[in-house]
Amino acid sequence: MSRDAVKFGRMSKKQRAILQAEVQKLLKEQRTEISASLQSSESQAEQPSTTTPELPHSIQPSTWSGHGKWDFSCSTRNCSLPRLQLQREPLVLHTPEKAQAEVTIRKNYLRDQQHHFENVRPNVFHNIESYCSLNFCSCLPPECMVSASEIELLMQNVVFAHQETCQFPNENLKILRWETFSPEQMQRFQQKPMDQMWDSCVCHITDAIQYIVEFAKRLSGFMDLNPNDQIVLLKAGAMELLLIRMSRAFNCYNNTVYFEGKYAQLELFHSLGCSDLISSMFDFCQSLCALNLSEQEMAFFSAITLLNPGHLWLQEKHKVDTLYRKIHLAFRHLLRRTHREFILMKLPEKAKLSSICQLHLEKLNIFRQMYPSIAWEKFPPLYKELFISETETS
Ligand code: HC3
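The written sequence of each chain sets the order in which its residues are numbered from 1. Residues qualify for local features only when their pLDDT is at least 70, as the model is predicted, and side-chain atom pairs are given and counted only at 80 or more; totals for whole chains, interfaces and linings, by contrast, use all residues. Only hydrogens and water are removed before side-chain values are computed, so all heavy atoms of the structure are retained for them.

Draft legend 1. Expanded view of the overall build of the protein chain. Per the secondary structure count, the protein chain includes 18 helices and 3 strands. A contact between two residues is defined here by any heavy atoms of the two lying within 4.5 Å. Across the protein chain, every contact between residues at least 6 apart in sequence was considered, and the portion connecting residues at least 24 apart equals 82%. Carbon and sulfur atoms form 55% of the exposed surface of the protein chain, whose accessible area is close to 19200 Å². Numbering goes from the N terminus for both helices and strands, where a helix is a DSSP run of H or I of at least four residues and a strand is a run of E of at least two. Only the protein chains shown count as cover for residues, and the accessible areas themselves come from Shrake-Rupley with a 1.4 Å probe.

Following this line, the structure appears as structure tokens:
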């Protein structure tokens, strides 16, 4: 039996030829793409203020000042426009520091990819074989069959979408990891009136959700979904993705989370009056941190959580389902490549995320009963749109 026969199993000559042609095409495409992207990254680095895609100007989130601190003014505070604007407006520019950071992220990623192609790819047939077996074992319907190159592009897309919208780059979070609030500072937070503390937390959460909306918009296929379905997915998934992202900003060694410039213990949030909710959020982060997810894995976990085809109110469920399956397939491919397939079994269950989100809604309702005018007048429109039902807001 020839080596090819072992590699390809029972495959006709014709099938093998098609596969080999696809591999050649893929390699050629990827090489051109990588070197073109590297070249354009270089030129973007020289002129970051003109060509780098950025968050839309309707979003002005907290930004890294470049001096080791973020600006924490809540950008959502005075917005009066309806927030879930998902039209395809061109992406506009932001600060030069941020643009430069994005160029660096992109360049590093592309370099890694190039390294992968040059050093790992010689055994490309093994990869193709694994694409085939993944396609096969996921029993994809014909319209979901994905080619190897499509999977590669999807992988890049999901990872870029996450990296470009993650709000706080990992390296910066790591630098601040051991900066915690002093007991005096903690006390100051704890003595804040409940409504004030709610107001500032809601504001930070809304800022973070604007980045999540941007993540969704950059996921290939999301903007092609029916507008109703885009909103259904975001309404259901925004808080879940916030929890996943919270684990990036969580230090599991001292049980603290990044908040207003330093890492905060859960006691800091005492005056919110919902310690059970905060404890479950912290517990969730502890368990997710134990998996030690890479940024790529985090990106995929977020994408598949968002694109949940199981929601009742979806109008074109099959479209969401197809997109979900493709992204899931690309995720499995990434995990296979990094020998981390076991994490699929260990990811938190959907029910866990939903129960925390449900608890958040319950706490919000209690708060609204206590302070009806604050929730109404001060909370940002996006927060109200996502978490206060339409019948109540109209
Ligand atoms: C601290 C925080 C949860 C974590 C949120 C993170 C760090 C999540 C990752 C995002 O990229 C950035 C981000 C922004 C806001 C952070 C939240 C602010 C308040 C929240 C607390 C745990 C309190 C939540 C309380 C309540 C009742 C309003 O939901």
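Let us keep going from here.
Draft legend 2. Molecular detail of the side chain of H162. With respect to the helices and strands, the residue H162 is situated in helix 6 (residues 148-165). Residues adjacent in sequence count toward polar contacts only when both atoms are side-chain atoms; beyond that, a polar contact is any pair of N or O atoms within 3.5 Å, and within protein one must be able to donate a hydrogen and the other to accept it. Among the polar contacts listed, one links the side chain of H162 to the side chain of E295, at a separation of 2.9 Å.

Draft legend 3. Inspection of the environment of D276 at higher detail. Here D276 is to be found in helix 11 (residues 275-289). A C-alpha to C-alpha distance of 9.7 Å links D276 and K363, two positions 87 residues apart in sequence. Apart from the residues lying within four places of it in its own chain, the contact partners of D276 are L359 and K363. Side chain to side chain, D276 and K363 meet in a polar contact 3.1 Å long.

Draft legend 4. Seen up close, the pairing of strand 3 (residues 262-265). A strand pair is defined by DSSP finding two or more bridges across the two strands. With 4 bridges connecting them, strand 2 (residues 256-259) and strand 3 associate as antiparallel partners. If you follow V257 over to strand 3, its bridge partner there is A264. Between strand 2 and strand 3, which follow one another and run antiparallel, lie 2 residues, and E260 among them has a positive phi close to 45°.

Draft legend 5. The arrangement of the packing of aromatic side chains in detail. For Phe, Tyr and Trp, rings pair up if their centres lie within 6.5 Å, where Trp contributes its six-membered ring, and each pair is then called stacked (planes under 30 degrees apart), edge-to-face (over 60) or tilted (otherwise). Enumeration according to the criterion identifies 14 aromatic pairs in this entry. With centroids separated by 5.6 Å and ring planes inclined at 65°, the aromatic side chains of Y258 and Y263 adopt a geometry described as edge-to-face. On the basis of relative accessible area, Y263 is assigned to the buried category, the value being 2%. Ring centres of F300 and F331 lie 5.3 Å apart, and the angle between their planes is 5°; on these two criteria the pair is classed as stacked. Remark: F331 occurs in helix 13 (residues 317-337) and F300 occurs in helix 12 (residues 295-306); sequence separation between them is 31 residues. Each of the two residues, F300 as well as F331, counts as buried. In this structure an aromatic cluster arises from ring pairing among F181, F189, F250, F259, F269 and F282. We call a residue buried when its accessible area falls under 20% of the maximum for its residue type, exposed when it is over 50%, and partly exposed in between, using a 1.4 Å probe and counting protein chains only.

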